[in-house]
Amino acid sequence: MSELTPMTTMKLSERIRQIGPSATLAASARAAELRAEGIDVLDLGPGQPDFDTPAHIREAGVRAIREGRTRYTAVAGIPELREAVADLYSLREGVVYRPEETMVTAGGKQGLFNIFAALLDPGDEVIIPTPYWVSFPEQVKLAGGVPVYVDTDEADGFALRAETILDACTERTKVVILNTPSNPSGAVIGPSDMEDLAQLAIERGFYLLVDECYASLVYDGADHVTPLTAGAEAQDVTIFCGSCSKSYAMTGWRVGYIAGPAPLIKACSSLQGHSTSNASSVSQYAALEALTGDQTPVRQMLTTFAERRDVVVPRIREIPGMACVDPRGAFYAFPNVSELLGEEMATSADLAGWLIDECHVVTVPGTAFGRDGHLRLSYATSMTVLEEALDRIANACEKLTS
Ligand code: PLP
């Protein structure tokens, strides 16, 4: 081929052709386009807190730079941070987690990616309850696994019950994903369901992958519950994936962590050693301060999110054609909008697109989370924006229903 001949066909790998772009990022891109045209867009799409990283954490990052902590670190993280993660789990779960049963990753996303790559052989099945976070199926597919979807019941508050999982279990079930609190539904797994799920995992020999990125955001005084509520024997089948992103408003710092059986951590560490190496050194020092320093900002953010939820959910319920279960954690509402759909506007993606054009409010369609007929509305934005956005959506939906 001469230098001037354009490359017309790019044969991408089979693996990469199985995955699609992120719908949440697509919504943000559309909002940015409209803003560039000078349109006043209100964005209820974001999956990140609207708060700044707390000052003492930022300071720790600045201090790390000043002290020259800018070289490679150990792949699995600086020893102090692994120790802090081990302490966090030992204290919370009432069992011993050693530093070698933990590692630091570039966000929860990389933690999950490492885990799937280290665990899954082609054809291994991963049970993913719907509605699910957008990246679970894509990451499972990239690792050669087969996503198996099970629907949680909206009338039951999207609660995940062991019976639902049991129906989908096969010989090939390797992992069940427990995302509690859930993005997008806000559902939180309670103690008795968690105990049943843990017993099932022990009996059937699959792993429970607990994505607890929103662990600090559980409302109404409820506890964040994990499989170890069933007893110490659940430790062998439990893999935790946590993140500093949402709890400490640290999305851009890119720090997450995993905790689980030592051989898995060793495998994930080898993988990370050949892909991205350590999470940013500076961010790790900031994360150390986040995990071990003053937790007051975490409680303040929880209070603010709870106040917003208490305004947003009743307002959504007043919108013609919308119904909404109570989110018990995270910072999203996931209203059912199926009454607004019909021949002209067939899917939630159509409705989300129409809302952007009609009233300049960005939401994320349920299709992105495996549950059409819903929209995800983030309340990680100011009360002023929320009130105005809900006014606009209500006015637009009135036109649809009248
Ligand atoms: N898991 C869930 C359920 C999420 O919602 C997100 C981010 O939106 C992540 C994991 C990954 O977050 P991060 O990579 O910023 O830690």
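Residues numbered from 1 in each chain as written. Predicted model: local features only at pLDDT ≥ 70, side-chain atom pairs only at ≥ 80, totals over all residues. Heavy atoms only, no water.

Glancing now at the site of the ligand. Not every one of the 13 residues close to the ligand is listed here, only the nearest: Gly108, Asp211, Ser243, Ser245 and Lys246. The separation between an oxygen atom of the ligand and a polar side-chain atom of Ser243 is 2.6 Å. Contact with the protein chains removes 92% of the 400 Å² of surface that the ligand exposes when unbound. Among the residues forming the shell around the ligand, the class breakdown is three nonpolar, six polar and four charged. (Near = heavy atom within 4 Å. Polar contact = N/O pair within 3.5 Å; in protein donor to acceptor, adjacent residues only side chain to side chain. Areas by Shrake-Rupley, 256 points an atom, 1.4 Å probe, with all protein chains shown as cover. Nonpolar A, V, L, I, M, F, W, Y, C, P; charged D, E, K, R; others polar.)

We now examine the packing of helix α12 (residues 348–359) against helix α13 (residues 383–401). With their axes 10 Å apart at the nearest point, α12 and α13 run at an angle of 110 degrees to one another. Accordingly, the angle class assigned to the pair α12 and α13 is roughly perpendicular. You can see that α12 and α13 cross each other, and the crossing is right-handed. The segment α12 lies against α13, with Leu351, Trp354, Leu355, Glu358 and Cys359 engaging Arg392, Ile393, Ala396, Lys399 and Leu400. (Axes fitted to C-alpha atoms, helices over the stretch in contact; angles between N-to-C directions. Helix = DSSP H or I, 4+ residues; strand = E, 2+ residues; numbered from the N terminus. Parallel < 35°, antiparallel > 145°, perpendicular 65-115°, else oblique. Left-handed = near helix turned anticlockwise from the far one by under 90°. Contact = heavy atoms within 4.5 Å.)

A few words on the sheet that holds strand β2 (residues 102–105). The strand order across the open sheet formed by seven strands is β2-β8-β7-β6-β5-β3-β4, and the pairing between neighbours is mixed. Each having just a single partner strand, β2 and β4 (146–151) make up the two edges of the open sheet. Adjacent strand axes in the sheet meet at a mean angle of 20 degrees, parallel and antiparallel pairs treated alike. One ladder, built from four bridges, connects β2 with strand β8 (residues 256–259); its direction is antiparallel. Its bridge partner lying in β8, Thr102 is registered against Ala259. Each of β2, β3 (125–130), β5 (173–179), β6 (207–211), β7 (238–243) and β8 is contacted by helix α5 (residues 107–119), which is oriented at about 155 degrees to β7, the strand it contacts most. The strands touched by helix α9 (residues 262–274) within the sheet are β2, β7 and β8, with β2 carrying the most contacts at an inclination of about 25 degrees. (Pairing = 2+ DSSP bridges.)

Okay, the pattern of salt bridges next. As enumerated under the stated definition, the model contains 23 salt bridges in all. For Arg69, the salt bridge identified is with Glu67, shortest N-O distance 3.0 Å. Residue Arg69 is classed as partly exposed on the basis of its relative accessible area of 35%. According to the relative accessible area criterion, Glu67 is partly exposed, its value standing at 46%. Each of the salt bridges in this network shares a partner with another, and the network as a whole consists of Arg30, Glu33 and Asp357. (Salt bridge = Lys/Arg side-chain N within 4 Å of Asp/Glu carboxyl O. Buried < 20%, exposed > 50% of the residue type's maximum accessible area, 1.4 Å probe, protein only.)

What follows is about a negative patch on the surface. A contiguous patch of negative charge on the surface is contributed by Glu163, Asp167, Glu195 and Asp196. Inspection of the secondary structure assignment puts Glu163 in helix α7 (residues 162–168). Accessibility expressed as a relative area gives 49% for Glu163, which makes it partly exposed. (Patch = residues over 30% accessible without salt bridge, like charges linked within 9 Å, V, L, I, M, F, W, Y side chains within 5 Å. Lys, Arg positive; Asp, Glu negative; His and termini not counted. Charge placed at Lys NZ, Arg CZ, Asp CG, Glu CD.)

Glancing now at the packing of aromatic side chains. Summed over the entire model, instances satisfying the criterion amount to 13 aromatic pairs. Plain terms: the ring middles of Tyr97 and Phe240 are 6.3 Å apart, the flat faces sit at 65 degrees to each other, and that makes the pair edge-to-face. Taken together, the positions of Tyr97 in the loop between α4 (79–93) and β2 and Phe240 in strand β7 put the pair 143 residues apart, joining distant regions of the chain. Like Phe240, Tyr97 is buried. (Phe/Tyr/Trp six-rings, centres within 6.5 Å; stacked < 30°, edge-to-face > 60°.)

Below, the discussion takes up the pairing of β8. Neither face of β8 is exposed, since Gly256 and Ile258 on one face and Tyr257 and Ala259 on the opposite face are all buried. Both β7 and β8 contribute to a ladder of four bridges, which runs antiparallel. By the bridge assignment, Ser243 is partnered in β8 with Gly256.

Packing of α4 against helix α10 (residues 281–292) leaves a shortest axis separation of 9 Å and a crossing angle of 30 degrees. The orientation of α4 relative to α10 falls into the category roughly parallel. You can see that α4 and α10 cross each other, and the crossing is left-handed. For the pair formed by α4 and α10, the contact residues are Glu80, Leu81, Ala84, Val85 and Leu88 on the first element and Gln284, Tyr285, Ala287, Leu288, Leu291 and Thr292 on the second.

Across its 12 residues, helix α3 (residues 55–66) extends 16 Å between first and last C-alpha, which sits within 8% of the 16 Å expected from 1.5 Å per residue. When α3 is considered as a whole, its buried residues turn out to be Ile57, Ala60, Gly61 and Ala64. Along the axis of α3, the buried positions cluster into a sector of 100 degrees, meaning they face one direction only. More than 90 degrees from the buried face of α3, the exposed residues found are Ile65 and Arg66. Summarising the contacts, the buried residues of α3 are in contact with α10. Trailing α3 by a residue or two, Gly68 shows a phi angle of about 75 degrees, which is positive. (Expected span 1.5 Å × (residues − 1). Arc of directions from axis to C-beta.)

Glancing now at the nonpolar core. Membership of the largest hydrophobic core comes to 51 residues, with the highest contact counts inside it found for Leu81, Tyr97, Ile127, Ile165, Leu178, Phe206 and Tyr248. Considering each element in turn, this core owes the most residues, seven residues, to α10. Discounting chain neighbours no more than four positions away, the residues touching Leu81 are Val104, Val255, Gln284, Ala287, Leu288 and Leu291. The next biggest cluster of nonpolar side chains, apart from the first, holds 40 residues, and it includes Leu217, Met322, Tyr332 and Ala352. (Core = buried A, V, L, I, M, F, W, Y, C linked by side-chain atoms within 4.5 Å.)

Spatial relationships are all this shows, so hold off on functional conclusions.
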